[in-house]
Amino acid sequence: MQYPIWDVPILGGGMVIAIIAIVHVVVAHFAVGAGLFTAWAEWRALRTNDQLMLKFLKDFSKYLILGPFIFGALTGVAIWFSISLVSPDATSALIHQFVWGWATEWVFFLVEIVAGYVYYYTWGKLSPGRHNMVGWIYAISAFMSLVIINGILTFMLTPGAWIETRFFWDAFLNPTYWPSLALRTISAMSLVGIFVAIIANLVKDYTREERHHIITAGGKWLIPMALMAPVSVWYFMYVPEAAVQMISGGAIAMTMFFMFGVAASTLVGLYAYFGLVWNKRYVNLETAILLGMIAFIATGAMEFVREGVRKPYIIYDYMYSNGILVDDVERLQQEGTLAWAPWTLVRLGADPENLSIEQRGEALFAAQCSRCHTLDGVNGIKPLILNWPEDSIRHSLEKLHIEQLFMPPFVGPEEDLKAMTQYLLNLHREQEAAMGLRSATSERKS
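These notes cover the structure that comes with them. In this text, all values refer to a predicted model and were calculated from it rather than measured experimentally.

Topic: a positive patch on the surface
- Taken together, the side chains of R44, R47, K220 and K280 present a region of like positive charge at the surface.
- You can see R44 is positioned in helix α1 (residues 13-48).
- Judged by relative accessible area, which is 44%, R44 ranks as partly exposed.

Details of the nonpolar core
- One finds F37, F56 and F60 to be the most contacted residues of the largest nonpolar core, which totals 71 residues.
- The dominant element in this core, judged by the number of residues it contributes, is helix α7 (residues 177-202), at 11 residues.
- F56 has contacts with F37, V196, I199, A200, Y206 and I214, leaving out every residue within four places of it along the chain.
- Counting residues in hydrophobic clusters, the runner-up holds 25 residues, among them V239, I324, V329 and A341.

Quick look at the environment of Y120
- Inspection of the secondary structure puts Y120 in helix α3 (residues 88-121).
- Residues contacting Y120, with those up to four places away along its chain left out, are K58, S61, K62 and I65.

Details of empty space enclosed by the protein
- Enumeration over the complete set of coordinates arrives at two cavities of 30 Å³ or more.
- Lining the largest cavity are 12 residues, and of these I5, W6, L85, V86 and R371 lie nearest its centre.
- Looking at the lining of the largest cavity, the elements with two or more residues in it are α2 (51-86) and α15 (357-368).
- Considered class by class, the residues forming the lining of the largest cavity number nine nonpolar, two polar and one charged.
- Computed from the structure, the second largest cavity encloses a volume of approximately 30 Å³.
- Along the walls of the second largest cavity sit G193, I194, A197, L222, L276, V283 and L291, which together make up its complete lining.
- In the lining of the second largest cavity, the residues fall into six nonpolar, one polar and no charged.

Criteria and cut-off values
- Residues numbered from 1 in each chain as written.
- Predicted model: local features only at pLDDT ≥ 70, side-chain atom pairs only at ≥ 80, totals over all residues.
- Heavy atoms only, no water.
- Patch = residues over 30% accessible without salt bridge, like charges linked within 9 Å, V, L, I, M, F, W, Y side chains within 5 Å.
- Areas by Shrake-Rupley, 256 points an atom, 1.4 Å probe, with all protein chains shown as cover.
- Salt bridge = Lys/Arg side-chain N within 4 Å of Asp/Glu carboxyl O.
- Lys, Arg positive; Asp, Glu negative; His and termini not counted.
- Charge placed at Lys NZ, Arg CZ, Asp CG, Glu CD.
- Helix = DSSP H or I, 4+ residues; strand = E, 2+ residues; numbered from the N terminus.
- Buried < 20%, exposed > 50% of the residue type's maximum accessible area, 1.4 Å probe, protein only.
- Core = buried A, V, L, I, M, F, W, Y, C linked by side-chain atoms within 4.5 Å.
- Contact = heavy atoms within 4.5 Å.
- 1 Å grid on protein atoms, 1.4 Å probe; cavity = no way out; pocket = protein on both sides within 12 Å on 5 of 7 lines; lining within 4 Å.
- Points joined across faces, edges and corners; volume = space filled by probe spheres on them.
- Nonpolar A, V, L, I, M, F, W, Y, C, P; charged D, E, K, R; others polar.

This is how it looks when you write it as structure tokens:
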């Protein structure tokens, strides 16, 4: 690892990525669904002379510009910024593997943006047929962005034959590519169905009957949610067995987030079917926003699970979450990881030739643990080892990847193992001293 470490106090780098990525995924899925909806709805409205729907689509396209284009662009740049700082070696590996894929995706993204602006600003200026054609250009470009990004995202969990061949198409069309694309398409269509209800309520100059007509039309886009369960089963058929074990009790956090996602998706699906499709209920602004928030929780929970079950890897069977390549483990067990991560020593201002055991342990923690663990914030190491004696800390480091499915192995010779054990033991003592001080202060106050 030839990159400096981005130390994010309290939150940790992984949580920064998770927050940005979840928001971006929801916005991006809406952009894809909105493109398909506007193109199809305009085509249908022109054929049926539905002037109300055409008026709504003009209003809807303004929110498309304000939401996905501006907010999506900001969070998209933020993702690149954060992953490049937190996991530079994984980002580098993905760029080298998918450089032309990403270049193609950026071309589609550029076409999508241009077509989206042309679509919004040419209402009443282009003929209806040409305007609808611009809408389809936007829709296809947005969907193609999803088609390409989906290959890169799924590769990280299921690289498949690429591990042996290093061939682009083996990486791109990996085992979970098609079920994941189907799931994301369903998610995009469902989100736009909900956002149609929100925007129909936000625009003031519609009557209740007009809003009902628009919301009923948008609600039909939630029907594909009925396929979410069987497609999910299809997806998990190709997910690594260890990842499935994590959501089925092997890692309680993953199990809980998975259940949140399933429950939230089911609630939205039931309301969509019985409320919007079957009974054609009117949905007011508060209910529409509540549905949107539940859908956000469902999408966010499932994205969190998708990222989490990849542990202990960041690219499955190729690179561990701390950036160490699987193929380098045997060598680094002999050589140690500090030579592999020289920036950890620069950060400490330490002389590599005269490291104290404390400095060595701190540098090793920065190199092997800090991408997922903070000291005492999110996933903090101090609370995790509270009351652990030295023997337990050492045993845990030795058996890390065996006793915890989601942890990479500790890599290094005996000297590094001792240094890391001592560093964690000192953190534990600091935590005990701090708790004792707080307890004494509390007693004096009482």
